[in-house]
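Each chain, letter by letter, is given below.
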Amino acid sequence: MTADTEQPLAPVSPLVRYAGRFAAVTRASGGAVRLAELPLLAQLSVRLDAKGPAAEAVRFALGLALPVEPDTVAFSDELAALWLGPDEWLVVGRPGSAAGLEERLRAAVAGEHAAVTDVSGQRTTVLVGGARARDLLAHGCPLDLHPRAFGPGRCAQTTLARAGVLLAGRDEHRPGYWLLTRSSFAGYVADWLLDAATEYVADATSIT
Amino acid sequence: MLLIPCPWCGPRDEAEFTYGGQAHVPYPRDPAALTDEEWARYLFFRDNPKGPHAERWCHTISCRRWFNVVRDTATNEVLAAYRIGEAGPVIS
Amino acid sequence: MPRQLPSSAHPFRLPTGGRIDRSRTLTFRFDGVAYTGHPGDTLASALLACGVRQVATSIKLGRARGVFGVGSEEPNALVRIEAPYAEAMVTATTVELCEGLVAFGLPGRGRLPDGPDPARYDAVYAHCDVLVVGAGPAGLAAALAAARTGARVVLADENGELGGSLLGRGAADDWGARARDELAGFPQTRVLRRTTVFGYYDDNYLLALERRTAHLGAAAPAHVSRERVWRIRAGRVVLATGAHERPIAFADNDRPGVMLASAARAYVHRFGVAPGRRAVVFTACDSGYPAALDLAAAGTEVAAIVDARPQAGLWAQRARDAGLPVRAGHAVTGTSGDPCLTSVAVRELRDGEPTGPVAVVDADTLLVSGGWNPTVHLFSQAGGTLRHDPARVAFVPRECRQAVEVVGSAAGAFTLAECVADGARAGARAANREATEADLGHVLAPPPDPDDIGGGAPPVPLWLVPGPDEPRTHFVDLQRDVTVADLRRATGAGLSGVEHLKRYTTAGTAHDQGRTSGVLTTGVAAHLLGVEVSALGTTTYRPPYTPVPFAALAGRDRGALHDPVRVTALHDQHLARDAVFENVGQWKRPWYYPLAGEDMAAAVARECRAAREGVAFMDASTLGKIDVQGADAGVFLDRLYTNMISTLKPGRIRYGVMCRADGMVLDDGTVLRTADDRFLVTTTTGNAAAVLDWMEEWLQTEWPQLRVHCASVTEQWATVALVGPRSRDVLSALAPQLPSSSDDFPFMAWRDTRVAGVAARVCRISFSGELAYEINVPPWYAPHVWEAIARAGAPYGITPYGTETMHVLRAEKGYPVVGQDTDGTVTPQDLGLGWAVSAKKRDFVGKRSHARADTARPDRKQLVALLPDDRHTLLPEGGQVVADAPLPAPPVPMLGHITSSYRSTALGRTFALALVRGGRERVGQRIYVPVGSVLVPVTVAEPVLYDPEGARRDG
């Protein structure tokens, strides 16, 4: 069973209640910090042998090669493929595309030692942008996010404060980060981000 | 905070990993063939050297790969890190 | 004749000099008296300028104490700050003066304020190629040399201004200013002022504390963190931590007015303060002389320079040329004053013993220089070893496995030129570049060094000046009031190692971490024991280098951010129904849903009745879920579960138990076969991550040939448990396509359907013994489905229920909960789950252990029910179980303990589950549970108390 886009219902994303506060911080910081949920992105866990025929079949099916260099992201117009492990990727697509993606991927890897799992509900995505995005994350992320070490096209599973997160540098044209957090931790991560933004918000409004 | 070289992700903070005890203690091929004492040795007995020690770590928070590390238990120096299935280094 | 000092409010403020802003005046209060100072002052310098000599009293003996040092080495001048911020115990030498400061001297120790600290504290991770600790001449040179290569540099210094010993030193200060300016121009360089690196851990991980707002006083913005912990991972570390001057143990060496010679100089240069009007300088090295000359130049009368060395060398000549009296080969043997210093006793020193007549010299100030201790604390924390350098009379760094280099006086280099050259080379080297002389070029050419007179006399080790009486006022550790007499008592008791002496006497254990006392303790102890200082060594240096507030260590990890709170997609629904939550791991789960006026017992009784008699629903989303896929998935699960999984048919569900290799229960849950090559495994709420890790461990390390992949899907599904005899009615209304008969949709089967219009997977699973369903839907539609269930169930009085009711229902059925009824020493057989342990399978993880003598014993603790004779007595969980009443004499044999205990509406009584030795053999027996002083009689029963024949599960 997969995310069903035919439902007439409005899906509720994990951080729907934070939209106002994210927007307020973005505004009050004068753009120094931009926070926004990118809700309900299609996410598929893909497990296969990176050197085997399944990898090639997926490349053909998606028009996107799964990256083999650890902690990197490959982008196409529609999709991003994030390296999670030597035989594990997260393929991210537009909201509502999970069922179709799963079908394409399953068809591609049929008969191989591979697994495709719809995990769209496992995580939600927060856009962390703005000139101070790196400083903001440095309050809780032990990784070196300096462009020399973690530029566009890099991703990493690591910790942010006390939660595990999947962090990805977006591409050159869209500076900032995707922060993927487990849905059940999303409220904590959002609260943490809003709190960490305190100094950057006041920077732009009340500090001369 | 140790910096542990994950063979896949590179050096990361110790907090991202879980410790898995002594390396190279394989599950016995046929447990039923073992005496109680032999089985107890597998279950409960591990080396505890002062000096280089081959041990297992898992990069739990990230790539979830198990791998082996040779760590000097006296200095915490990581002397080697290698993937499961790879041969360990010879530590003199 | 002293030069005239202004006699106004600042009788000891020099007319010129210092890095203070004389154009502005700050008012402050100390011990209730109003004073003034200037921006740039510390509390200590302002007090000295105002003529306040006594600042505090000592911890054990209550002796008067004054300012002794100038920075974080200060052992005496402990104060409490009351406004504009609260600090329970800090040193006056590290408090930057701000308008409206209110401080009080402390009797050796502070007291935490009662109220919470409202300030914000935070943390930042930083990474750099080179971390330079200390911004004196060596550190500045190192940072500059590294920064010029383009390396990422962090320079941290504990003072408000960079420059260290250069500050206020004329031409030298200008050099420092140029270095500071150039550093500011490197975008990759981060300069952290007011930042103390306090811990040096493995792999060049260092912690530092930045004090960000205290110096701003009342103007400190509330949203800016007051203090910040920097967590720094550095490629290489250059320690330019300087050196601390060492005191000498002589009689009454603790009086206000006694001060380290280097501190006195700093007060003159940095703060424009004369430490006194008439000074005696007591030195065992050359350092006393420039201090004496600087004080004299500032207008303080130098009554005598007492040099313990018979041959005082060039410096003595200089002093004499300047008209200062020098007494070589002499020592200070005592002081007088009431309590502040008024005179100093001086005698000739022969072979370490005072001899000859006592000369009494009037003085209000006594400067002491017993030599220098390189500040090796961080180097030692890093695992570095030390060696004793007899020529320098100092412990200096030897070697360290970490990528660290020590430069400047921290390495024993004591001339400015040496420090700068040392620093520059190390900085460039740390940035991975061998520096040429040209590289280090113009700016790094050292500043003129007025202290370098082209040759001096070597220092002598002088730790103790004996006499005239028992050494009970020869202080070794001023902050702990430890004297030479205390050390003598310790050595007399047979203690011969510094670590033992430290613990026996408490020397070096105060919050100054023995910065002034540590090496002195070693020196005096060596003297008392008649051994070499080098043989005794130092005590172990441990973090933190300076005290760090717990609030700073906690940072933002407090209040709501203290620990992540995990919530399900239905959390708002629970809030709307006024749920009381309980913590299950990091999850917040509804515990019960009280109606107005209901207590917990009433709410749980009502919820239980609904589930047993009508219909009830709960949020079961927190159960762990793992998708197991692959051609060998069945084989894999057969190896991990105690029972057979591979024989399960698609569409069906089986309960399974997992054991560790030692045979003890690891987890339990249900397994759905979703396809020939695919299973959905559920785990207990708290074990979801552990079970996935467990699966990965076996797959990766033992069975890599198995074609299986596992993925966590815990949050991919929201799960609603619909329970009770009327549950079928409710579900039929919402899922008309779902077969309703047990023939078409039997117990332990699952079906995909639509519930309330949402694609759903419905399982017939019961954790209560009632007819029940678990409805799994995508989390983003879960609120809709939940509310639809509530509406469809309204005609049947549907009731939301929480974890407490779930527990009562499952315990009535004798279903154990892993982690509550088990503790890692319990086998499936102990739990009565022997039926779920396959005898046919050749092996599974834990199987061999079930045949071990200890696990096969018949008298193991087994899960049974306990029924109190009094149907209203609720037994305490964790309570012990004993066989006999009255209790026999101790030790009383314990039979086991209670793991679960509830009031049951269905049974009309209280009951408990317990692990009891040989429990199954005891069914029907009376045993006892001690509660307080009462022995509660209980009867042992089979654990399934409700519907033992299982008649209710199909409705």
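Reading guide: rules and limits
Residues numbered from 1 in each chain as written. Chains lettered and ligands numbered in written order. Predicted model: local features only at pLDDT ≥ 70, side-chain atom pairs only at ≥ 80, totals over all residues. Heavy atoms only, no water. Pairing = 2+ DSSP bridges. Helix = DSSP H or I, 4+ residues; strand = E, 2+ residues; numbered from the N terminus. Axes fitted to C-alpha atoms, helices over the stretch in contact; angles between N-to-C directions. Contact = heavy atoms within 4.5 Å. Buried < 20%, exposed > 50% of the residue type's maximum accessible area, 1.4 Å probe, protein only. Buried area = accessible area lost by both parts, 1.4 Å probe. Salt bridge = Lys/Arg side-chain N within 4 Å of Asp/Glu carboxyl O. Polar contact = N/O pair within 3.5 Å; in protein donor to acceptor, adjacent residues only side chain to side chain. Nonpolar A, V, L, I, M, F, W, Y, C, P; charged D, E, K, R; others polar. Core = buried A, V, L, I, M, F, W, Y, C linked by side-chain atoms within 4.5 Å. Domains from an automatic or database assignment. pLDDT = per-residue confidence, 0-100. Expected span 1.5 Å × (residues − 1).

Time to look at the sheet that holds strand β3 (residues 18-22) of chain B. Read from one edge of the open sheet, 4 strands run β3-β4-β5-β6 (chain B), paired in antiparallel fashion. The strands lining the two open edges of the sheet, one partner per strand, are β3 and β6 (78-83) of chain B. On average, adjacent strands in this sheet sit at an angle of 30 degrees to one another, irrespective of strand direction. As paired elements, strand β4 (residues 52-58) of chain B and strand β5 (residues 66-72) of chain B share 7 bridges and run antiparallel to each other. Directly across from C58 of chain B, in β5 of chain B, lies its bridge partner W66 of chain B. Across the sheet, helix α18 (residues 688-701) of chain C touches β4 and β5 of chain B, and the angle it forms with β5 of chain B is around 85 degrees.

Attention now goes to the environment of A792 of chain C. Residue and element names in this part refer to chain C. Here A792 lies in helix α20 (residues 782-793). A792 sits in the buried class, given a relative accessible area of 17%. Separated by 58 residues in sequence, A792 and L734 have C-alpha atoms that sit 7.1 Å apart. Excluding residues within four positions of it along the chain, A792 makes contact with V730, A733 and L734.

What follows deals with the interface of chain B and chain A. Contacts between the two partners involve 10 residues from chain B, matched on the other side by 16 residues from chain A. Taken together, the two surfaces of chain B and chain A that pack against each other cover about 1,000 Å², and 48% of this comes from carbon and sulfur. With its nearest N and O atoms 3.2 Å apart, the salt bridge here joins D87 of chain A to R65 of chain B. Where chain B packs against chain A, one counts 6 residue pairs in polar contact (both at pLDDT 80 or more). Classifying every residue of the side of chain B that touches chain A gives 4 nonpolar, 1 polar and 5 charged.

All names here are of chain C. Strand order in the open sheet formed by 3 strands is β19-β20-β21, with antiparallel pairing between adjacent strands. Lying at the two open borders of the sheet, with one neighbouring strand each, are β19 (330-337) and β21 (353-362). For this sheet, the mean inter-axis angle between neighbouring strands, taken without regard to orientation, is 25 degrees. Note: strand β20 (residues 341-350) against β21, 7 bridges, orientation antiparallel. Along β21, the bridge assignment pairs V344 with V361.

Moving on to the nonpolar core. L43, Y267, F282 and L366 of chain C are the most contacted members of the largest nonpolar core, which has 82 residues in total. Grouped together as the second largest cluster of nonpolar side chains are 58 residues, C155, A168 and L180 of chain A together with M618 of chain C included.

All names here are of chain A. Each assigned domain of chain A is listed here: domain 1 (14-40 + 122-208) and domain 2 (41-119). Each of domain 1 and domain 2 has a C-alpha centre, and the two are 25 Å apart. Between domain 1 and domain 2, the residue contacts involve 18 residues of the former and 17 residues of the latter. Overall, the association of domain 1 and domain 2 removes approximately 1,400 Å² of surface from exposure, summing both partners, and the carbon and sulfur fraction of that is 59%. Its largest share of buried area at the contact with domain 2, domain 1 owes to L40, C155 and W178, together 31% of the area lost on that side. At the surface where domain 1 touches domain 2, the tally comes to 1 salt bridge. A salt bridge links E69 to R154, with the nearest nitrogen and oxygen atoms 3.2 Å apart. Across the domain 1-domain 2 interface, the total number found is 9 residue pairs in polar contact (both at pLDDT 80 or more). Among the elements of the structure, β7 (123-129), β8 (155-160), β9 (163-169) and β10 (177-182) are those that each provide at least two residues to the side of domain 1 that touches domain 2. Counted by class, the side of domain 1 that touches domain 2 contains 9 nonpolar, 5 polar and 4 charged residues.

The subject of this paragraph is the confidence of the model for chain A. All names here are of chain A. Averaged over every residue, the pLDDT of chain A is 92; residues scoring 70 or more account for 91%. Counting contacts from residues 1-7, a segment whose pLDDT is below 50, to residues more than four positions away or on other chains yields 21 contacts. In this model residues 204-208 is a low-confidence stretch, pLDDT under 50, and it forms 8 contacts with partners more than four residues away in sequence or in other chains.

In this section: the interface of chain C and chain A. Each side of the interface is counted separately: chain C has 57 residues, and chain A has 50 residues. With both chains or domains summed, chain C and chain A bury close to 4,600 Å², and 51% of this area falls on carbon and sulfur atoms. Contact with chain A buries area across many residues of chain C, yet H223, H709 and W780 of chain C alone supply 18% of it, more than any other trio. The tally of links from chain C across to chain A stands at 10 salt bridges. A salt bridge links R162 of chain A to D557 of chain C, with the nearest nitrogen and oxygen atoms 3.2 Å apart.

Turning to the pairing of β9 of chain A, a few remarks are in order. Here is the key point about a regular strand: its side chains alternate between the two faces of the sheet. Residue and element names in this part refer to chain A. A large share of β9 lies buried, amounting to 6 of its 7 residues. Two strands pair when backbone bridges link them, and β8 and β9 are joined in this way by 6 bridges, in the antiparallel orientation. Within β9, the residue paired with T158 across the bridge is V165. Hairpin connection between β8 and β9: a loop of 2 residues separates the two successive antiparallel strands, and A161 in this loop has a positive phi of roughly 50 degrees.

A few words now on helix α16 (residues 600-613) of chain C. All names here are of chain C. The first and last C-alpha atoms of α16 sit 20 Å apart over 14 residues, in line with the 20 Å expected at 1.5 Å per residue. Every buried residue belonging to α16 is among A603, V604, R606, E607, C608, A610, A611 and R612, and all of these are buried. On the buried face of α16, the contacting elements are β30 (587-592), β31 (616-619), β37 (718-723), β41 (799-800) and α21 (803-812).

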